[in-house]
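Structure at a glance
Residues per chain are reported as follows:
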Amino acid sequence: MSSRPNILFFFTDQQRWDTCGCYGQKIDLTPNLDRMAEEGVLFENAFSCQPVCGPARAALQTGKYPTRLGCHTNNRILPLDENTIAKQLSAAGYETAYIGKWHLASQGARDGAENFREKPVPVERRGGYRDFWLASDVLEFTSHSYDGYMYQDMERRDFPEGKFRVDVQTDWTIEYLQDRKTDRPFFLFLSYIEPHHQNDHGCYEGPHGSKERYAQYEVPGDLEGTNGDWRQNYPDYLGCINALDTGLGRIRDALAERGELDNTIIIFTSDHGSHFCTRNGEYKRSCHDGCIRVPMVISGPGFTGGTHVKELASLIDLPPTIITSAGLKPIGMDGFALNSLAAGAAQNWQEEVFLQISESQCGRAIRSKKWTYSVEAPGKSGGDASSDLYVEAFLYDNETDPHQKNNLVAAPETAGIRAHLRERLIKRMVAAGETAPKIQTALQE
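Residues numbered from 1 in each chain as written. Predicted model: local features only at pLDDT ≥ 70, side-chain atom pairs only at ≥ 80, totals over all residues. Heavy atoms only, no water.

Structural notes on the overall build of the chain
- Within the chain one finds 12 helices and 16 strands.
- For the chain, the C-alpha radius of gyration of 21 Å lies close to 22 Å, the compact-globule estimate for 445 residues.
- For the chain, with 445 residues in total, the buried portion stands at 63%.
- Across the chain, every contact between residues at least 6 apart in sequence was considered, and the portion connecting residues at least 24 apart equals 69%.
- Just so you have it, the chain exposes about 16400 Å², and 46% of that area is on carbon and sulfur atoms.
- Distance from the positive charge centre (47 side chains) to the negative charge centre (61 side chains) of the chain: 4 Å. (Helix = DSSP H or I, 4+ residues; strand = E, 2+ residues; numbered from the N terminus. Rg over C-alpha atoms; globule rule 2.2 N^0.38 Å. Buried < 20%, exposed > 50% of the residue type's maximum accessible area, 1.4 Å probe, protein only. Contact = heavy atoms within 4.5 Å. Areas by Shrake-Rupley, 256 points an atom, 1.4 Å probe, with all protein chains shown as cover. Lys, Arg positive; Asp, Glu negative; His and termini not counted. Charge placed at Lys NZ, Arg CZ, Asp CG, Glu CD.)

What follows is the structure in structure tokens.
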């Protein structure tokens, strides 16, 4: 068995941070993640770098902001020549495996490009995962909560009848872990679709009985008093999260049975949250915490002790963290490895995290502990990658207004702080490879 750590990335889709017991959820939904947090490192302030499925995944596979890759919206292929984390780890002797939702192989309807949303993803479009592949490009197109299929390499594999999708994927993951040889360390990217809503049904779908089991819950503060569709969907949403946690526990048990748990780094996080149609017409694509704040817990070698880290972390920081954990040096990545932060040895850590926002807008934002500051490009569509002009859209004081109900972007008394945040945002945009834009103050001012 290799002395280098295995790395397992447990990735959920559209999961809010406040659904987890270790982040304050009062219902006993996530006992296995809570236990993992007690053993590992919990990042209290973790955020998406792009609150849309495909772009967030592109960033995680490369360590680069989506605009650098041409992957700033869904339905854009990950560049075939990109030096992904899977390629780097494979070159270093890791066995690389991918199970679940990919979302980086198809080009939508652009220029008649070939799509793989309901077909097997060819080898060259798998981002370098060369040893084991059991996935669908867009899993919500090939499955529902209790039916569907993925492709093991190029062969279709159907879900067993009557099993919830999370449980099927967990079964297949444990099968992979039990069958593999242990002469090389593995890097497994495990990408669930839950608790993402089921697109063609227009609702969230938990295991049978979720509506009754989770009918009594404490309404999150940002949803309280709003419209949206959380009233009809939140119990199923919570049911999905409990199913994911059960899967996490089963996988940790399977690793323990093989004597591999202590030598496996497990990263648990999500691509973004869900604001349940309270901030725009759907669930994500905004600067608000209900959309951008995610759980992030890491356990295993280098991530022990039950530590809670208060500094801000971003999904863009996870690729260099993975590369560093494998004993390699991150090159050409936009984020900052979290290893030294977890060890309490980081100095001059970032003051804020930077976000690119697409599809609902061409937008940019920064989120510090105190402030959320967001701008939008006038006259641009959500498909535009960038702009040379933006207008201030949102400003929230997260200390006095944690549920972000009071937009201060047009308040005269915030002019000074907005000027400071404007400079910080432009600096982060330039660091991400963008041209420094002009940012106008709020039009109401």
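Moving on from the model shown.
Some words on the environment of F132
- Looking at where F132 falls in the secondary structure, it is placed in strand β4 (residues 132-136).
- Judged by its relative accessible area of 16%, F132 falls in the buried class.
- The spacing of F132 and Y176 is 44 residues in sequence and 8.4 Å in space, taken between C-alpha atoms.
- Leave out the neighbours within four places in its chain, and F132 touches T96, A97, Y98, I99, Q152 and Y176.

Overview of the packing of helix α1 (residues 31-39) against helix α8 (residues 230-257)
- Where α1 contacts α8, the axes come no closer than 7 Å and their chain directions differ by 55°. What the angle tells us is that α1 and α8 run oblique. On α8, the residues that touch P31, N32, L33, M36 and E39 of α1 are D245, T246, L248, G249 and R252.
- Here the residues of the contact of α1 with α8 are counted per class, giving 4 nonpolar, 3 polar and 3 charged. (Axes fitted to C-alpha atoms, helices over the stretch in contact; angles between N-to-C directions. Parallel < 35°, antiparallel > 145°, perpendicular 65-115°, else oblique. Nonpolar A, V, L, I, M, F, W, Y, C, P; charged D, E, K, R; others polar.)

Details of the packing of aromatic side chains
- One pass over the full model with this rule turns up 28 aromatic pairs.
- Taken together, a centroid distance of 5.3 Å and an interplanar angle of 25° make the contact between Y98 and W133 stacked. You can see Y98 sitting in strand β3 (residues 95-101) and its partner W133 sitting in strand β4, a full 35 residues away along the chain.
- A relative accessible area of 1% places Y98 in the buried class.
- Plain terms: the ring middles of W102 and Y129 are 6.0 Å apart, the flat faces sit at 80° to each other, and that makes the pair edge-to-face. (Phe/Tyr/Trp six-rings, centres within 6.5 Å; stacked < 30°, edge-to-face > 60°.)

What about the pairing of strand β12 (residues 352-357)?
- A large share of β12 lies buried, amounting to 6 of its 6 residues.
- Neither face of β12 is exposed, since E352, F354 and Q356 on one face and V353, L355 and I357 on the opposite face are all buried.
- Two strands pair when backbone bridges link them, and β12 and strand β13 (residues 363-368) are joined in this way by 6 bridges, in the antiparallel orientation. Bridging from a neighbouring strand, E352 pairs with S368 of β13.
- Adjacent in sequence and paired antiparallel, β12 and β13 are bridged by 5 residues, among which E359 carries a positive phi angle near 70°. (Pairing = 2+ DSSP bridges.)

Things to note about the packing of helix α6 (residues 165-179) against α8
- Packing of α6 against α8 brings their axes to within 10 Å, and their N-to-C directions diverge by 10°. As the angle between them shows, α6 and α8 are arranged roughly parallel. Taking contact as the criterion, the partners of V166, D167, T170, D171, T173, I174 and L177 in α6 are, on α8, A243, L244, G247, R250, I251, A254 and L255.

Quick word on the side chain of Q88
- With respect to the element layout, Q88 can be found in helix α4 (residues 85-91).
- For Q88, a relative accessible area of 14% gives the class buried.
- Not counting chain neighbours up to four residues away, the residues in contact with Q88 comprise N83, I323, L328 and M333.

Some thoughts on the pairing of strand β6 (residues 147-152)
- Relative to β6, β4 runs antiparallel, the two sharing 2 bridges. Following the sheet pairing, A135 is matched in β6 by Y151.
- Once strand β5 (residues 143-144) ends, the chain turns through 2 residues before running back antiparallel as β6.
- Pairing analysis gives 4 bridges linking β6 to strand β7 (residues 155-158), with the strands arranged antiparallel. Looking across to β7, one finds that M150 is bridged to R157.
- The turn linking β6 back onto β7 is made up of 2 residues, and D153 within it adopts a positive phi angle of 60°.

Some points on the sheet that holds strand β14 (residues 371-376)
- Read from one edge to the other, the open sheet built from 5 strands follows the order β12-β13-β14-β15-β16, with strand pairing classed as mixed. Lying at the two open borders of the sheet, with one neighbouring strand each, are β12 and β16 (438-440). Sheet twist, expressed as the mean angle between neighbouring strand axes with direction ignored, is 25°.
- By the bridge criterion, 3 bridges tie strand β15 (residues 389-397) to β16 in an arrangement that is parallel. Pairing of V391 across the sheet is with Q440, part of β16.

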